[in-house]
Amino acid sequence: MNHQELLDSLYQKIKNKPDKGKVAKYIPELKKINPDKFGVNLFTTTCKSYGAGDYQERFSIQSIAKVLSLTLAINLVGKKIWNRVGVEPSGDPFNSLVQLEFEKGIPRNPMINSGALVVCDILISKLKEPKKEFLAFVRKLANNNTIAYNKKIVASEKAFGFKNTAHVNLMKSFKNIKNEIDEVLDLYYHICSIEMSCEELSKTFLLYANGGVLTHNNERILTVSRTKRINAIMQLCGLYDEAGEFSFKVGLPGKSGVGGGIVAVHPGKYCISVWSPKLNKKGNSYKGFQILEQFTTETESSIF
Ligand code: GLU
């Protein structure tokens, strides 16, 4: 079966199944989305794109953007980043504070909120205009100058971001945040508010499938070694406390967000992105997870 036929048939099959998930409500602006949106896109390293459903409609990529901010920070400070954030799965929800106190303000990994907040702190220390420069970086990876922050999402997160504020304060007390707390939160919320469609997301993440090189102009963004490390972090930490289950069932490095998106990377072959806003109990897209599982099973194309 060819890729387009496979995506069409998986899309139809899963679209008509009951959805046991729930849209994230703790960010009020996210509640406004039509919960039945559903899209999937496959982008190969040979630049062929296949899609089904709402794969060209933009949504809030939320935590998926943490991979992009990590990429920029690694390129700015190199391995020194690992003195301030770890690379182990947390086994706890993405916004858990418990481990952070035991581990003296050093977050387990850059994919959980505390880790991404430290990454933002690093970007602020290194960049003159962090919000502008981060967006320019994402636009370059996406080869698309229309990618933008959603200011309504930023405001909505700020108004209800009590837990993220607690994370930054706790880490500041352990001296793992160097800049002003409000500045760190402001950059973090902007990064989470980026919107992309499944197709734009797959295309942006192609560099991780392509050894660190952009497919549209052959520019090297990451060394092979750093690409390996980022894929490894996605594999172990990219799906909240369901990364084990995702490795077990899908078998690819991936990253999810509370907007209902998941992107998965097959090094050397493709990126696949899905969007369906209803989330399972662990915070991952319920239907998104299912379609990815069935795709890698049908194509026998996991990394294992
Ligand atoms: N902006 C969200 C938060 O800070 C990101 C959560 C996510 O997508 O995992 O809670």
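Up top is the structure these notes are about.
For the structure given in this document, a descriptive report is provided here.

Cut-offs and rules
Residues numbered from 1 in each chain as written. Predicted model: local features only at pLDDT ≥ 70, side-chain atom pairs only at ≥ 80, totals over all residues. Heavy atoms only, no water. Helix = DSSP H or I, 4+ residues; strand = E, 2+ residues; numbered from the N terminus. Buried < 20%, exposed > 50% of the residue type's maximum accessible area, 1.4 Å probe, protein only. Phe/Tyr/Trp six-rings, centres within 6.5 Å; stacked < 30°, edge-to-face > 60°. Lys NZ or Arg CZ within 6 Å of the ring centre and 35° of its normal. Pairing = 2+ DSSP bridges. Axes fitted to C-alpha atoms, helices over the stretch in contact; angles between N-to-C directions. Contact = heavy atoms within 4.5 Å. 1 Å grid on protein atoms, 1.4 Å probe; cavity = no way out; pocket = protein on both sides within 12 Å on 5 of 7 lines; lining within 4 Å. Points joined across faces, edges and corners; volume = space filled by probe spheres on them. Nonpolar A, V, L, I, M, F, W, Y, C, P; charged D, E, K, R; others polar. Parallel < 35°, antiparallel > 145°, perpendicular 65-115°, else oblique. Left-handed = near helix turned anticlockwise from the far one by under 90°. Salt bridge = Lys/Arg side-chain N within 4 Å of Asp/Glu carboxyl O. Near = heavy atom within 4 Å. Polar contact = N/O pair within 3.5 Å; in protein donor to acceptor, adjacent residues only side chain to side chain. Areas by Shrake-Rupley, 256 points an atom, 1.4 Å probe, with all protein chains shown as cover. Sits in = over half its atoms within 2 Å of the grid points.

Structural notes on the environment of Lys104
Part 1 of the argument: Along the chain, Lys104 falls in the loop between α3 (98-102) and α4 (113-126).
Part 2 of the argument: On the accessibility criterion, Lys104 (58% relative accessible area) is exposed.
Part 3 of the argument: Once the C-alpha coordinates of Lys104 and Leu127 are considered, the two residues, 23 residues apart in sequence, prove to be 26 Å apart.

As for the packing of aromatic side chains
Part 1 of the argument: Evaluation of the coordinates by the stated rule reveals 6 aromatic pairs.
Part 2 of the argument: Between Phe205 and Tyr208, the aromatic rings sit 5.1 Å apart at their centres with planes inclined by 55°, giving tilted as the arrangement. Of the two residues, Phe205 and Tyr208 are both situated in helix α9 (residues 198-209); the distance of 3 residues between them amounts to about one turn of the helix. Like Tyr208, Phe205 is buried.
Part 3 of the argument: Over the ring of Phe38 we find Lys287, and its NZ or CZ is 6.0 Å from the ring centre.

What to know about the sheet that holds strand β6 (residues 254-256)
The strands making up a sheet associate through backbone hydrogen bonding, with each pair oriented either parallel or antiparallel.
Part 1 of the argument: With respect to topology, 5 strands assemble into an open sheet ordered β3-β2-β8-β7-β6, the strand pairing being antiparallel. Here the strands that pair on one side only, and so sit at the sheet edges, are β3 (49-53) and β6. Pairwise comparison of adjacent strand axes, ignoring direction, gives a mean angle of 10° for this sheet.
Part 2 of the argument: Alignment of β6 against strand β7 (residues 261-266), held across 3 bridges, turns out to be antiparallel. Looking at β7, one finds that Ser256 is bridged to Ile262.
Part 3 of the argument: Where helix α1 (residues 3-15) meets the sheet, its contacts fall on β2 (39-44), β3 and β8 (270-275), and the angle it forms with β3 comes to roughly 20°.

Regarding empty space enclosed by the protein
Part 1 of the argument: Across all of its chains, the model carries 3 cavities of 30 Å³ or more by this definition.
Part 2 of the argument: Estimated volume of the largest cavity: approximately 80 Å³.
Part 3 of the argument: Ser96, Gln99, Leu100, Ile112 and Ser114 are, among the 15 residues lining the largest cavity, the residues nearest its centre.
Part 4 of the argument: Residues of the lining of the largest cavity, tallied by class, amount to 6 nonpolar, 6 polar and 3 charged.
Part 5 of the argument: What the second largest cavity holds in volume is close to 60 Å³.
Part 6 of the argument: Lining the second largest cavity, in full, are Tyr26, Ile27, Gln62, Ser63, Lys66, Phe94, Asn113, Glu157, Asn164, Tyr188, Cys192 and Val258.
Part 7 of the argument: Classifying every residue of the lining of the second largest cavity by side-chain character gives 6 nonpolar, 4 polar and 2 charged.

A word on the packing of helix α5 (residues 130-142) against helix α8 (residues 181-192)
Part 1 of the argument: At their nearest, the axes of α5 and α8 sit 10 Å apart, and the two run at 25° to each other. Taken together, the axes of α5 and α8 are roughly parallel relative to one another. Handedness of the α5/α8 crossing: right-handed. The segment α5 lies against α8, with Pro130, Lys131 and Phe134 engaging Asp186, Leu187, His190 and Ile191.
Part 2 of the argument: Partitioning the contact of α5 with α8 into residue classes produces 4 nonpolar, 1 polar and 2 charged.

Considering the pattern of salt bridges
Part 1 of the argument: Per the stated rule, a full pass over the model turns up 10 salt bridges.
Part 2 of the argument: Note that Asp186 is salt-bridged to Lys131, the shortest N-O span being 2.7 Å. Taken together, the residues span a long stretch of sequence, with Asp186 in helix α8 and Lys131 in helix α5 at a distance of 55 residues.
Part 3 of the argument: By relative accessible area, Lys131 is classed as partly exposed at 31%.
Part 4 of the argument: For the salt bridge of Glu219 with Lys140, the shortest nitrogen-to-oxygen distance reads 2.8 Å. Highlighted residues: Glu219 in the loop between α9 and α10 (224-237) and Lys140 in helix α5, separated in sequence by 79 residues.
Part 5 of the argument: Accessibility expressed as a relative area gives 30% for Glu219, which makes it partly exposed.

A short note on the site of the ligand
Part 1 of the argument: Neighbouring residues of the ligand: 13 residues in total, closest Tyr26, Gln62, Ser63, Glu157 and Tyr240.
Part 2 of the argument: Note that a nitrogen atom of the ligand is positioned 2.6 Å from one of the side-chain N or O atoms of Glu157.
Part 3 of the argument: At 2.9 Å from an oxygen atom of the ligand is found a main-chain nitrogen or oxygen belonging to Val258.
Part 4 of the argument: Considering the ligand on its own, with 290 Å² of exposed area, one finds that the protein chains cover 99% of that surface.
Part 5 of the argument: Taken atom by atom, the bulk of the ligand overlaps the second largest cavity.
Part 6 of the argument: Classifying every residue of the shell around the ligand gives 7 nonpolar, 5 polar and 1 charged.

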